[in-house]
Amino acid sequence: MERLTVSTRRTDDCPVVEVTGELDIATADLLDGHLHDVITRHGPARIVLDLSGLTFCDASGLRVLVRAHHAARRCHGRLHLVCPYGLTRDLLRITRLSETIPAHRTLSDALEPAGADRPHGRGPAGARYRARRDRHFLSTCPPYGRAVRAARHRTDGVRSGISHVQRKTDTMSSPSVTVRGNSRHAVVIGGSIAGLLAARALHDRFDKVTVVDRDTLPDTAAPRRGVPQSRQLHGLLASGTAALEELLPGITQELADGGAPRGDLQKDALWYLDGHLMRQAESGIIGIAPTRPLLEHVVRRRVATSLPGVTVMDACEVTGLVTDRRGDRVSGVRLHQPGVNAQEYEMPADLVVDASGRGSRAGVWLSQLGFPTVPQSTIRVDMVYVHRHYRSEPGLLDGKLAVSFTASPGQPRSANVLRQEGGRFSLALTGMLGEEPPTDPDGMLAFAESLGAPQIVEIMKTAEPLSEPAKMRYPQSVRRHYEKVDRHPEGLVILGDALCSFNPVYGQGMSVAAMEAVLLSSLLREGVENLPRRFHRSAAKLLDTPWALSAGGDLRFPEVEGKRTPIDKLMNRYLDRYRRAATVDAGLGRTLLGVINLLEPPTRLLSPSLVLRTLRTKPASA
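Residues numbered from 1 in each chain as written. Predicted model: local features only at pLDDT ≥ 70, side-chain atom pairs only at ≥ 80, totals over all residues. Heavy atoms only, no water.

Caption draft 1: Expanded view of unusual backbone geometry. Even without glycine at this site, Asp-398 takes up a positive phi of about 55°. Within the secondary structure, Asp-398 is located in the loop between strand 17 (376-391) and strand 18 (402-405). For Asp-398, a relative accessible area of 65% corresponds to the exposed category. Of note in the backbone geometry, Asn-530 takes a positive phi value of approximately 55° without being a glycine. If you trace the backbone, Asn-530 turns up in the loop between helix 15 (509-524) and helix 16 (531-554). Taking relative accessible area as the criterion, Asn-530 reaches 29% and is therefore assigned partly exposed. (Helix = DSSP H or I, 4+ residues; strand = E, 2+ residues; numbered from the N terminus. Buried < 20%, exposed > 50% of the residue type's maximum accessible area, 1.4 Å probe, protein only.)

Take a look at the structure:
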């Protein structure tokens, strides 16, 4: 007779794996392999493991249960055990699975729908049953007697990490949040664009997603205190629009219905590149120009009100991370809600996503937990920009969507005007490396006149101002290399500006955040196992292109510190000529806009045909 027999049969609800015989270190691999095959093949919501006919010969066989449990979790399933006389919750405490693997007395109990009444509950009858069961178990399984009694002493009054957090949350719970004990729960830190889009990606895989933001979020499209840059001009690249549409189908039309103008980014916009006006033509690259408050409002409405299971908690601050007992997995967050709970409390989570922006404290929290410091790359630009709204008067810009005058070596000033909803223009004057735009009307006008874009000057002279000038500072671009750390906890993903913060003059931030959310959604379809490492490595590849574009643009300026190679100098000379040639050759301009909008790789600019056209084209006079 074989020492171990494993068979699988299918019920109406889920597969049942029946195991008979002796389970020890020699036969454990057979059961492990069989369970792996069942989980891989079926990927069910539940897998019932019937151990009622099993005899345990040594504790090493319990490792199979641990591996099977984690495999079931990867498939978003749940391992249920049938163990009427032997494997009780006391024994499961030895493997630290007492609160995550349900144990049933009979097979019929295991196959009952969730929430059905079961015999031997928490009342007196249940207590008497458990006492008899335990006495029988300890008398018939001597090898486990001492281990079980020791486990009882170690775990008396103490729960495993997730259940401990749950109990504390129950006693100090927020009225806004109820976390179901059996559901998969994700917490997103930050309720801005990156956090909301991350919640959209998580919604497909998690029963409940909670977005936490320390701001009181407005009910309308309005700037908010926690995002001071929301008053400034924001751009949405064509790649960002495509990513938004993939995550939230129809959102482009919603933004247009809200008044956001649309147009061809070459035909309907004026681009002054190093002082040279790009030739206008139909490019097929369509841009949309919502204000930051409108975009965030529409995204929040789509995510928070249209997706079941997604909750937004505002006026609530995340003050730290919670880890499991071993300290290698983030199992929740610590929260503080002024006016609701005077003390901090903990919220359990199977996954935490930090999308809290440039001010992310994830690195500090991880250092406090003993994890290594995250390496980072920085490029200091000392950017200062001043923003103001003007009324869109008839005839101004001749119906164009935008005007952009970019900075260049020797001219560290730039300006942008964008037509936006509400019949207004958004103006941004920008200085870097010590250049600082003034905020008084005469000073702002003189700053604009020093450039070479008469359309911008005309707007400032003739259009009615609708807001006071607002000044912002941006000292440096920062890229945090979570993909390079040797040790990072499971259950914690970083994205958005918390992962990489770009020079805002390039308009990449919101678009890259949307692309990262699409990436997160794609990786979640492969499961949640080892998700942080998989995401951070994939995100690093995604970030390489926008970081190279923004860093390359900044390093053109000799005053900006950074490593340069002879190839970089050669490339800058070629691109200088390319931009001048784009004043004549509209095809060169179209390809450049495709690269800027992250629709084409930068290497496209070096294709033999474009290089030949660049060298042959005689630039128009400035």
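Past the structure itself, the notes keep going.
Caption draft 2: Up close: empty space enclosed by the protein. Counted by the stated rule, this structure contains one cavity of 30 Å³ or more. Counted as a void, the largest cavity has a volume near 60 Å³. Residue classes in the lining of the largest cavity are distributed as six nonpolar, three polar and three charged. (1 Å grid on protein atoms, 1.4 Å probe; cavity = no way out; pocket = protein on both sides within 12 Å on 5 of 7 lines; lining within 4 Å. Points joined across faces, edges and corners; volume = space filled by probe spheres on them. Nonpolar A, V, L, I, M, F, W, Y, C, P; charged D, E, K, R; others polar.)

Caption draft 3: Looking closely at the pairing of strand 21 (residues 470-480). Pairing of strand 17 with strand 21, which is carried by 10 bridges, proceeds in the antiparallel orientation. The partner of Val-386 across the bridge, within strand 21, is Lys-471. Alignment of strand 21 against strand 23 (residues 500-501), held across two bridges, turns out to be antiparallel. Counterpart to Arg-479 in the pairing with strand 23 is Cys-500. (Pairing = 2+ DSSP bridges.)

Caption draft 4: Focus on the packing of helix 15 against helix 16. Two numbers describe how helix 15 lies on helix 16: the axes approach to 10 Å, and their chain directions differ by 145°. Considering only the axes of helix 15 and helix 16, their crossing is right-handed. When helix 15 is examined against helix 16, the residues Val-512, Met-515, Glu-516, Leu-519, Leu-520, Leu-523 and Leu-524 are found in contact with a partner set consisting of Leu-531, Arg-534, Phe-535, Ser-538, Ala-539, Leu-542, Leu-543 and Pro-546. Classifying every residue of the contact of helix 15 with helix 16 by side-chain character gives 12 nonpolar, one polar and two charged. (Axes fitted to C-alpha atoms, helices over the stretch in contact; angles between N-to-C directions. Left-handed = near helix turned anticlockwise from the far one by under 90°. Contact = heavy atoms within 4.5 Å.)

Caption draft 5: Broad picture of the sheet that holds strand 6 (residues 185-189). Across the sheet, which stays open at both edges, the five strands sit in the order 12-7-6-16-22 with parallel pairing between neighbours. Looking at the sheet topology across the chains shown, the edges are occupied by strand 12 (310-313) and strand 22 (492-494). Recorded for the sheet is a direction-independent mean angle of 20° between the axes of neighbouring strands. Here three bridges tie strand 16 (residues 351-354) to strand 22, and the two strands are oriented parallel to one another.

Caption draft 6: Region of the structure containing the packing of aromatic side chains. Enumeration according to the criterion identifies three aromatic pairs in this entry. Arranged with centres 6.3 Å apart and planes meeting at 55°, the rings of Phe-502 and Trp-547 form a pair that is tilted. Taken together, the residues span a long stretch of sequence, with Phe-502 in the loop between strand 23 and helix 15 and Trp-547 in helix 16 at a distance of 45 residues. Judged by its relative accessible area of 6%, Phe-502 is buried. (Phe/Tyr/Trp six-rings, centres within 6.5 Å; stacked < 30°, edge-to-face > 60°.)

Caption draft 7: Focus on the pairing of strand 20 (residues 424-431). Burial runs high along strand 20: seven of the eight residues are buried. As paired strands, strand 17 and strand 20 are joined by eight bridges and run antiparallel to one another. Residue pairing for strand 20: Tyr-385 is matched across the bridge by Thr-430. Of the strand pairs in this sheet, strand 19 (residues 413-420) and strand 20 are connected by eight bridges, and their pairing is antiparallel. In the strand pairing of strand 20, Leu-418 is matched with Ser-426. The turn joining strand 19 and strand 20, which pair antiparallel and follow one another in sequence, is formed by three residues; a positive phi near 85° is taken by Gly-422.

Caption draft 8: Seen up close, helix 18 (residues 586-596). In terms of residue burial, helix 18 counts as a mostly covered element, since eight of its 11 residues are buried. Considered for burial, the residues of helix 18 that qualify are Ala-586, Leu-588, Gly-589, Thr-591, Leu-592, Leu-593, Gly-594 and Val-595. On its buried face, helix 18 sits against strand 9 (269-273), helix 16, helix 17 (566-581) and helix 19 (608-616). A distance of 2.9 Å separates the backbone nitrogen of Gly-587 from a side-chain oxygen at the start of helix 18, and that oxygen is part of Asp-585. Count one or two residues on from helix 18 and you reach Leu-598, which has phi positive near 60°. (Polar contact = N/O pair within 3.5 Å; in protein donor to acceptor, adjacent residues only side chain to side chain.)

Caption draft 9: View of the side chain of Ser-501. Here Ser-501 shows up in strand 23. Reaching out from Ser-501, the side chain makes a polar contact with the side chain of Tyr-474 at a distance of 2.9 Å. Sequence-distant contacts of Ser-501, that is, excluding residues within four places in its chain, are made with Arg-358, Tyr-474, Ser-477, Val-478 and Trp-547.

Caption draft 10: Inspection of the pattern of salt bridges at higher detail. This structure, assessed with the given rule, holds 24 salt bridges. The closest approach of N and O atoms between Arg-300 and Glu-296, which form a salt bridge, is 3.1 Å. One end of the pair is Arg-300 and the other is Glu-296, both in helix 11 (residues 292-306) and four residues apart, which spans about a single turn. Under the relative-accessibility criterion, Glu-296 is labelled buried at 6%. When salt bridges with common partners are traced through the structure, they connect Asp-274, Arg-556, Asp-576 and Arg-579 into a single cluster. (Salt bridge = Lys/Arg side-chain N within 4 Å of Asp/Glu carboxyl O.)

Caption draft 11: Layout of the sheet that holds strand 9. Strand order in the open sheet formed by eight strands is 10-9-18-19-20-17-21-23, with mixed pairing between adjacent strands. On the outer flanks of this sheet lie strand 10 (276-277) and strand 23, each paired with one strand and no other. Taken together, the four bridges between strand 9 and strand 18 define a ladder with parallel strand orientation. Bridged to Trp-271 within strand 18 is Ser-404. Most of the contacts of helix 13 (residues 441-449) go to strand 20, to which it runs at about 75°, and overall it touches strand 17, strand 19 and strand 20.

Caption draft 12: Region of interest: helix 9 (residues 238-247). In terms of burial, helix 9 is largely enclosed, as seven of its 10 residues are buried. Taken together, the buried positions of helix 9 are occupied by Ala-238, Ser-239, Gly-240, Thr-241, Ala-243, Leu-244 and Leu-247. Contacts from the buried residues of helix 9 go to helix 8 (193-203), helix 10 (251-257), strand 11 (286-288), helix 11 and helix 15.

In short, shape yes, function no, at least from these values alone.
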